[in-house]
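# Geometric and topological summary
As a plain string of letters, each chain reads:
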Amino acid sequence: MFEEFKKFISRGNVVELAVGIIIGAAFTGIVNSLVKDILMPPIGWVMGGIDFSNYFFSLSGGRFDSLQAAEQAGAATVNYGRFINACINFLIVSGALFLIVRQVNRLHILHKETLKTPPRQEQLLEEIRDALRAQVNDRAGNQSNPRPATPPADRSP
C-alpha cells in the first residue's frame, strides 16, 4: 500500500494540483485585500459612506448599531452585507481568472500558428517526392531519353 501511495504522490498531476492550491490560497488573500481595502471603500463612499460588511438584520428582535455589537451580544443575525462582499469578491476572482485563461489561450493559438510551417526535414522529403514524381512523369512522357533525372541537391543544415 505504501508503494502504491508513493507512486500516486509522485505523479506530476498531484504535484501540479498542490502547487495550484497553494497559489490559489495566496491569490485569495490578495483578492480579499483588494475587495476589502481598495474596492469597497470607494463603493461605500459613492453610496454615502455605507459599509456593506455592517448590513445585517437581527433575528433576535433587538436593535444593534453594528454587526460587531450584535455578535458581542450573541444575537442571531442574517449578515447579507458579508454576502454582498463575498459576491463582489467572486466577481473579481472570476474576472481575473477569465483574463488569465484568455491570455493563455491566445498564447496557445500563437504557438500553433508558428507550428504550421513544416519542419525542414519534411520540406526536404516533399522536395524529393516532387522530384521523383517529375522523374516518373518525364520517363512516361519521353521514352527516348532513358537517363535518370539528377537528384535534388543536399540542403541539410
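Residues numbered from 1 in each chain as written. Predicted model: local features only at pLDDT ≥ 70, side-chain atom pairs only at ≥ 80, totals over all residues. Heavy atoms only, no water.

## A few points about the overall build of the chain
- Along its length, the chain carries five helices and two strands.
- Secondary structure elements of the chain, listed N to C terminal, follow the sequence α-α-β-α-β-α-α.
- Considering the chain as a whole, with its 157 residues, one finds that 13% of them fall into the buried category.
- Sequence-distant contacts in the chain: of pairs separated by 6 or more residues, those separated by 24 or more amount to 40%.
- Of the roughly 12800 Å² of accessible surface on the chain, 64% is carried by carbon and sulfur atoms. (Helix = DSSP H or I, 4+ residues; strand = E, 2+ residues; numbered from the N terminus. Buried < 20%, exposed > 50% of the residue type's maximum accessible area, 1.4 Å probe, protein only. Contact = heavy atoms within 4.5 Å. Areas by Shrake-Rupley, 256 points an atom, 1.4 Å probe, with all protein chains shown as cover.)

## Some words on the pattern of salt bridges
- Evaluation of the coordinates by the stated rule reveals two salt bridges.
- Across the salt bridge formed by Arg-82 and Glu-71, the nearest N and O atoms sit 3.1 Å from each other. Of this pair, Arg-82 sits in helix 4 (residues 80-114) while Glu-71 sits in helix 3 (residues 67-73), and the two are eleven residues apart along the sequence.
- The salt bridge involving Asp-130 is made with Arg-129; its shortest N-O contact spans 3.2 Å.
- Looking at Arg-129, the relative accessible area reads 39%, which means it is partly exposed. (Salt bridge = Lys/Arg side-chain N within 4 Å of Asp/Glu carboxyl O.)

## A word on the environment of Gly-62
- Tracing the backbone through its elements, the reader meets Gly-62 in the loop between strand 1 (57-58) and helix 3.
- We classify Gly-62 as partly exposed; its relative accessible area is 35%.
- Spatially, the C-alpha atoms of Gly-62 and Ala-75 are 7.8 Å apart, while their sequence positions differ by 13 residues.

## A closer look at the packing of aromatic side chains
- All told, the structure shown has three aromatic pairs when counted by the stated rule.
- Centre to centre, the rings of Phe-52 and Tyr-55 are 5.6 Å apart; their planes meet at 70 degrees, and the pair counts as edge-to-face.
- Ring geometry for Phe-57 versus Tyr-80: centroids 6.2 Å apart, planes at 40 degrees, classification tilted. Linking Phe-57 in strand 1 with Tyr-80 in helix 4, this pair joins segments that are 23 residues apart in sequence.
- Within the aromatic cluster, the residues linked to one another by ring pairs are Phe-52, Tyr-55, Phe-57 and Tyr-80. (Phe/Tyr/Trp six-rings, centres within 6.5 Å; stacked < 30°, edge-to-face > 60°.)

## Things to note about a nonpolar patch on the surface
- Judged by side-chain polarity, Leu-34, Ile-38, Leu-39, Ile-43, Trp-45, Val-46 and Met-47 come together as a nonpolar surface patch covering roughly 690 Å² of accessible area.
- When you line up the elements, Trp-45 lands in helix 2 (residues 12-46).
- Classification of Trp-45 by relative accessible area gives exposed; the value is 68%. (Patch = residues over 30% accessible without salt bridge, like charges linked within 9 Å, V, L, I, M, F, W, Y side chains within 5 Å.)

## Some words on the side chain of Ser-58
- Among the secondary structure elements, Ser-58 is positioned in strand 1.
- When its relative accessible area of 18% is taken as the criterion, Ser-58 is described as buried.
- There is a polar contact of 3.2 Å between the side chain of Ser-58 and the backbone nitrogen of Ser-60.
- Apart from the residues lying within four places of it in its own chain, the contact partners of Ser-58 are Phe-64, Ala-75, Ala-76 and Thr-77. (Polar contact = N/O pair within 3.5 Å; in protein donor to acceptor, adjacent residues only side chain to side chain.)

## Things to note about the side chain of Asn-85
- Among the structural elements, Asn-85 can be located in helix 4.
- Those residues in contact with Asn-85 that lie beyond four places of it in its chain are Val-35, Met-40, Phe-52 and Ser-53.

## Things to note about the confidence of the model for the chain
- Here the chain averages 80 in pLDDT, and 85% of its residues register 70 or above.
- Averaged pLDDT values over the elements of the chain bottom out at 80 in helix 1 (residues 2-9) and peak at 92 in strand 2 (residues 77-78). (pLDDT = per-residue confidence, 0-100.)

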